[in-house]
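Structural features, examined
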Amino acid sequence: MRETIIFQKNLKRLMIENDLNQAELARKTRLSEATISRYMNGSRLPSSRVLPKLTKALNCTSNDLFEENKEILMLESIVTKMFSSLTGLNVPSPTCKVT
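The paragraphs below set out a description of the structure included in this document. What you are looking at is a predicted structure, and each value in this text was computed from that prediction instead of being measured. (Residues numbered from 1 in each chain as written. Predicted model: local features only at pLDDT ≥ 70, side-chain atom pairs only at ≥ 80, totals over all residues. Heavy atoms only, no water.)

**With respect to the environment of Thr35**
Threshold: Put simply, DSSP marks the helices as runs of H or I at least four residues long and the strands as runs of E at least two long, and each gets a number from the N terminus on. Classification of residues uses two cut-offs on accessible area relative to the type maximum, computed with a 1.4 Å probe and protein chains only: under 20% is buried, over 50% is exposed, and between them is partly exposed.
With respect to the helices and strands, the residue Thr35 is situated in helix α3 (residues 33–40). Judged by its relative accessible area of 11%, Thr35 is buried. Sequence separation of Thr35 and Gln22 is 13 residues, and the distance between their C-alpha atoms is 9.5 Å.

Encoded structure:
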């Protein structure tokens, strides 16, 4: 379960970093948009046959997809704490783009 959540977060981050939406990633990997959607919503993990297609399309390694990035976790925690202190101000949660 935890592996799925880590993969899901990393996939979304890498898609943002590579300026790809689901349709574009599907096209680059020759996978269906439904398959990409399942990866993004955490209901499925890629097979060993599919993983090289994803890493090539996202310019990353398999470790980049499956390992927890401690720096990003720390930043997410800081941002969450900052915005939770502002809840009374009706400020929307941030949408961060990792560069």
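**Some details on a positive patch on the surface**
Put simply, the test is: Patch construction takes residues with relative accessible area above 30% that form no salt bridge. Like charges are linked within 9 Å, and nonpolar side chains (Val, Leu, Ile, Met, Phe, Trp, Tyr) are linked within 5 Å. Here the open area of atoms and residues is found with the Shrake-Rupley method and a 1.4 Å probe, where only the protein chains shown may cover a residue. Think of a salt bridge as a Lys or Arg side-chain nitrogen and an Asp or Glu carboxyl oxygen that are within 4 Å of each other. Only four residue types enter the tally: Lys and Arg on the positive side, Asp and Glu on the negative side, with His and both chain ends excluded. Charged groups are reduced to one reference atom each: NZ for lysine, CZ for arginine, CG for aspartic acid, CD for glutamic acid.
On the surface, a cluster of positive charge is contributed by Arg30, Arg38, Arg44, Arg49 and Lys53. Mapping Arg44 onto the fold places it in the loop between α3 and α4 (51–57). Given a relative accessible area of 39%, Arg44 falls into the partly exposed group.

**A look at the nonpolar core**
Put simply, the test is: Note on terminology: a nonpolar core comprises buried Ala, Val, Leu, Ile, Met, Phe, Trp, Tyr and Cys residues joined through side-chain atoms within 4.5 Å. Throughout, a residue-residue contact means that at least one pair of heavy atoms, one from each residue, lies within 4.5 Å.
Within the largest apolar cluster, 18 residues are counted, with the highest numbers of intra-cluster contacts made by Leu11, Leu25, Ile36, Tyr39, Leu54, Leu58 and Leu65. Within the residue set of this core, elements represented by two or more residues are α1 (2–17), α2 (22–29), α3 and α4. Counting residues per element, this core draws most heavily on α1, which supplies 4 residues. Those residues in contact with Leu25, other than ones at most four positions away along the chain, are Leu11, Met15, Leu20, Ile36, Leu54, Ala57 and Leu58.

**Observations concerning unusual backbone geometry**
Even without being glycine, Asp19 reaches a positive phi, approximately 55°. The class of Asp19 is exposed, set by a relative accessible area of 63%.

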